[in-house]
Structure formats: C-alpha cells, structure tokens
Amino acid sequence: MSIAENKKAFFDYFIEERYEAGLVLEGWEVKAIRAGRAQLKEGYVVLQKGASFLIGAHISALPEASTHVTVDPVRTRKLLLREEEIRKLVGKVEQRGYTLVPLNLHYKGGLIKLDIGLAKGKKQHDKRDADRARDEKREAQQAMKKLVK
C-alpha cells in the first residue's frame, strides 16, 4: 500500500532501475507517516561513506504525537540497503552520471519502505515527447471507446 509517491520524478527523469530500502525513523515520524503526512517531491538520495541517506523529504509532525520532542521535518534520514547494492550504486552514480531519486513510500510487512530509482535526467525535448506520446495514447483510447459503443 502506497503512502506517498514522487510523481515529479517520472516527469523529470528516466527511471532505469528500482531498489527498495528501509528507513531509520523516529517514533513521531512513523506516526506522522501512518497519518499520511509525508512528501517526497523535493527529496533526493545521497551516498556518503558507504551509506545512503534521504535528504529533503518532508515529514510534518502530528501536533498531538510530538509535544515533547523538537521536530525537524526535513532532517536527513539513513536508508538501509545491502552493502553490495550500495557499492553497485556508488559506481553508477559516480562514473555514469546517474542520480538517485525517491519514488514511493509504502508499507511492506508492517514496515515502512522506500523505493529508490536510479535515474538519468530528461532534457526539455524528452519531456515534450513524453507528453505527446501520452496525449496520442489517450486519444487512441477515446477513439476505441467510441467504436465499441
């Protein structure tokens, strides 16, 4: 079940590979995420010192759940990936010019997981081509609907 999606990532990047990572969260963050108060739109993933971190994702606190804690809604959160996955990602990000973007925050077996996309940036003409293809597909579906009726 999806909690938050980063639809802008699919508009701005070609997603080539997907990885699933766990998150190191505090208690108030888990409560806020379960209440649907998370945004991934401005977030990105960084690889540093053999670990991966989610930066810029916004999780706003619930007023009743976090009265005793000082809250930083955009704090850096550590991601839990296997060492072999991190090594593979480091090679691709540093050598081939890829970037890592958060795609989807979801539940899996009662835990909160994050889908990460290994992405290549789109140019403006690529975005226009994608829009054009989407419009053509929509028009074809509408024409088929009219023929069926």
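Described in the following lines is the structure provided in the data block. Each chain has its residues counted from 1, running along the sequence as written. This being a predicted model, a pLDDT of at least 70 is required before a residue's local features are given, and a value of 80 or more before pairs of side-chain atoms are given or counted; all residues contribute to the totals for chains, interfaces and linings. With hydrogens and water excluded, all non-hydrogen atoms of the structure serve as input to the side-chain values.

## Notes on the pattern of salt bridges
Two side chains of opposite charge can pair, provided their charged atoms sit close to one another. We define a salt bridge as a contact between a side-chain nitrogen of Lys or Arg and a carboxyl oxygen of Asp or Glu at a distance within 4 Å. Evaluated as defined, the whole model comprises 12 salt bridges. A salt bridge links Glu17 to Lys92, with the shortest nitrogen-to-oxygen separation between them at 2.3 Å. Of this pair, Glu17 sits in strand β2 (residues 13-23) while Lys92 sits in helix α3 (residues 83-96), placing them 75 residues apart in sequence. Glu17 sits in the partly exposed class, given a relative accessible area of 23%. For each residue, the accessible area found with a 1.4 Å probe, counting protein chains only, is set against the maximum for its type, and the residue is called buried under 20%, exposed over 50%, and partly exposed in between. On the basis of relative accessibility, which here comes to 14%, the residue Lys92 falls in the buried class. Arg18 serves as the salt-bridge partner of Asp115, at 3.7 Å between the closest nitrogen and oxygen. With Asp115 in strand β9 (residues 111-121) and Arg18 in strand β2, this pair connects stretches of sequence that are 97 residues apart. Strands are runs of DSSP state E lasting at least two residues, helices are runs of H or I lasting at least four, and both sets are numbered from the N terminus onward.

## Some thoughts on the environment of Glu16
Turning to its location among the elements, Glu16 is positioned in strand β2. Exposure remark for Glu16: the relative accessible area of 47% places this residue in the partly exposed category. Every residue pair with non-hydrogen atoms within 4.5 Å of one another is taken to be in contact. Not counting the four nearest positions on each side in its chain, Glu16 is found in contact with Tyr98, Leu118 and Lys120.

## Looking at helix α2 (residues 27-34)
Residue pairs three or four apart in sequence face the same way in an α-helix, which turns once every 3.6 residues. The complete set of buried residues in α2 reads Trp28, Glu29, Ala32 and Ile33. Axial view of α2: buried residues confined to an arc of 135°, hence all on one face. Looking at the buried residues of α2, the elements they touch are β1 (2-5), β3 (38-39), β6 (58-59), β7 (77-80), β8 (99-108) and β9. Here the arc refers to the directions that run from the helix axis out to each C-beta atom.

These values are about where atoms sit, not about what they do.
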